[in-house]
Amino acid sequence: MTAQSARPEHSAPETASVTGAPPFKSSLVKAVFRDVTPMNVSRSAALAAESVTRTVLTEIIDGARRAAAEEARRKLIPRDLVSAIGRNVEVEVGCKWYLFSPTFHGLLGVLRDAEGAIVTVRERRGPRRPSAVAGAHRFEAGVRKLLRSQGVTAVPAMVRDLDGIASVFLTDLARDAAMVVREDGAKRFGTVALVTPDEPAPPLSLEDFPQVPSTRGRDGRTIDRDDVLAATRIQLFGSIRQRALTAAREATQDTQAG
């Protein structure tokens, strides 16, 4: 799916977090990590991953809420999700979910193989159903809590899409965090800055580059908070990345012992 704009058209969501208990429990976060890696996951890593996922979902819901408000609606529908992603390319995450959602059928463009034949959506999905797709329903309670925090509700199809995006995004985050531990992947992959054709590239700072923890001193079998932060820098870009990193640090400031 191709977003319509490379720059966000709105400011940060008014509700950046949910008061009280986090919407996605640590046990759920760790279960997602177990789907992709046998490594141990520290408490601070689970809290950081939950916080990053929450920040991304809050941003998506905020964009959808704004789209619905233009039609004087408080109940979100899948069209609002498409609008939110189209207006803000930073929230185009969990894209593997698009292949399994009716919302995005017809919006994915045409893919052809080396011989020029069209590759169908079924072929693009592959023979196996990814664990992130199969387990998306686990996120429903947290998604509904996030929706309430934004003062909206959503039709079941919209909730299902938010479930799927959350599950796929967190799975990708877990996979990248494991890669950072195994291979110092953040050093190898670097970052990408997206800009529109008529604007200069933003100046780079040390914060723009993924940093692999320099004092690992561990057995290489445990994912810690800093590994999740490095994975966040791989998965996200722009202002949402900075908000996600800030929120994750705040969420884990008292749990660095893991």
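Now for a quick tour of the structure. (Residues numbered from 1 in each chain as written. Predicted model: local features only at pLDDT ≥ 70, side-chain atom pairs only at ≥ 80, totals over all residues. Heavy atoms only, no water.)

Quick word on the overall build of the protein chain
- A tally of regular secondary structure across the protein chain gives 10 helices and 6 strands.
- Counting across all 258 residues of the protein chain, residues that qualify as buried make up 48%.
- When the accessible surface of the protein chain is split by element, carbon and sulfur atoms take 52% of a total near 12,800 Å². (Helix = DSSP H or I, 4+ residues; strand = E, 2+ residues; numbered from the N terminus. Buried < 20%, exposed > 50% of the residue type's maximum accessible area, 1.4 Å probe, protein only. Areas by Shrake-Rupley, 256 points an atom, 1.4 Å probe, with all protein chains shown as cover.)

Notes on the packing of aromatic side chains
- For the coordinates displayed, the defined rule picks out 2 aromatic pairs.
- Seen from their ring centres, Tyr 98 and Phe 104 are 4.0 Å apart, and the 20 degrees between their planes marks the pair as stacked. Each member of the pair, Tyr 98 as well as Phe 104, carries the same accessibility label: buried. (Phe/Tyr/Trp six-rings, centres within 6.5 Å; stacked < 30°, edge-to-face > 60°.)

Topic: unusual backbone geometry
- Phi at Ala 72 takes a positive value of approximately 60 degrees, unusual for a residue other than glycine.
- You can see Ala 72 is positioned in the loop between α2 (43–69) and β2 (75–76).

Observations concerning helix α10 (residues 238–251)
- Counted at 1.5 Å a residue, the expected span for α10 with its 14 residues is 20 Å, and the 20 Å between its end C-alpha atoms agrees.
- Taken as a whole, α10 has its buried residues at Ile 240, Arg 241, Ala 244, Leu 245 and Ala 248. The buried residues of α10 occupy an angular sector of 135 degrees when the element is viewed end-on, so they sit on one face.
- The inward-facing, buried residues of α10 abut α2 and α9 (225–235). (Expected span 1.5 Å × (residues − 1). Arc of directions from axis to C-beta. Contact = heavy atoms within 4.5 Å.)

Re the pattern of salt bridges
- Per the counting criterion, the structure on display carries 13 salt bridges.
- Arg 87 is paired through a salt bridge with Glu 70; the nearest N and O atoms lie 2.7 Å apart. Taken together, the residues Arg 87 in helix α3 (residues 78–87) and Glu 70 in the loop between α2 and β2 connect sequence positions 17 residues apart.
- Among the residues examined, Arg 87 registers a relative accessible area of 22% and is labelled partly exposed. (Salt bridge = Lys/Arg side-chain N within 4 Å of Asp/Glu carboxyl O.)

Some thoughts on the nonpolar core
- With 61 residues, the main nonpolar core has Phe 33, Leu 76, Leu 147, Leu 162, Ile 223 and Val 228 as its most contacted residues.
- When residues of this core are traced back to their parent elements, those giving at least two are α1 (26–36), α2, α3, α5 (131–134), α6 (140–149), α7 (156–183), α9 and α10.
- If one sorts the elements of this core by residue count, α7 sits on top with 13 residues.
- Setting aside chain neighbours within four positions, we find Leu 162 in contact with Leu 57, Ile 60, Ile 61, Leu 81, Val 143 and Leu 147. (Core = buried A, V, L, I, M, F, W, Y, C linked by side-chain atoms within 4.5 Å.)

Some words on α9
- With respect to burial, α9 is a largely interior element, 8 of its 11 residues being buried.
- If you check which residues of α9 are buried, you get Arg 225, Asp 227, Val 228, Leu 229, Ala 230, Ala 231, Thr 232 and Arg 233.

What to know about the packing of α2 against α10
- Close contact between α2 and α10 brings their axes to 8 Å; oriented N to C, the two are set at 140 degrees. By the criterion of interaxial angle, the relationship of α2 to α10 is oblique. Here the hand of the crossing between α2 and α10 comes out right-handed. Taken together, the residues of α10 that come into contact with α2 (itself represented by Leu 47, Ala 48, Ser 51, Val 52, Thr 55, Val 56 and Glu 59) are Ile 240, Arg 243, Ala 244, Ala 247, Ala 248 and Ala 251.
- Its residues assigned to classes, the contact of α2 with α10 comprises 9 nonpolar, 2 polar and 2 charged. (Axes fitted to C-alpha atoms, helices over the stretch in contact; angles between N-to-C directions. Parallel < 35°, antiparallel > 145°, perpendicular 65-115°, else oblique. Left-handed = near helix turned anticlockwise from the far one by under 90°. Nonpolar A, V, L, I, M, F, W, Y, C, P; charged D, E, K, R; others polar.)

Focus: the side chain of Thr 171
- Secondary-structure assignment places Thr 171 in helix α7.
- Of the residues examined, Thr 171 reaches a relative accessible area of 5% and is grouped as buried.
- Once residues lying within four places of it in the same chain are set aside, the contact partners of Thr 171 are Val 32, Val 36 and Ala 132.

Description of the environment of Ser 167
- Counting through the fold element by element, Ser 167 comes out in helix α7.
- When the C-alpha positions of Ser 167 and Val 32 are compared, they lie 7.9 Å apart, and in sequence the two are 135 residues distant.
- Sequence-distant contacts of Ser 167, that is, excluding residues within four places in its chain, are made with Ala 132, Gly 135, Ala 136 and Phe 139.

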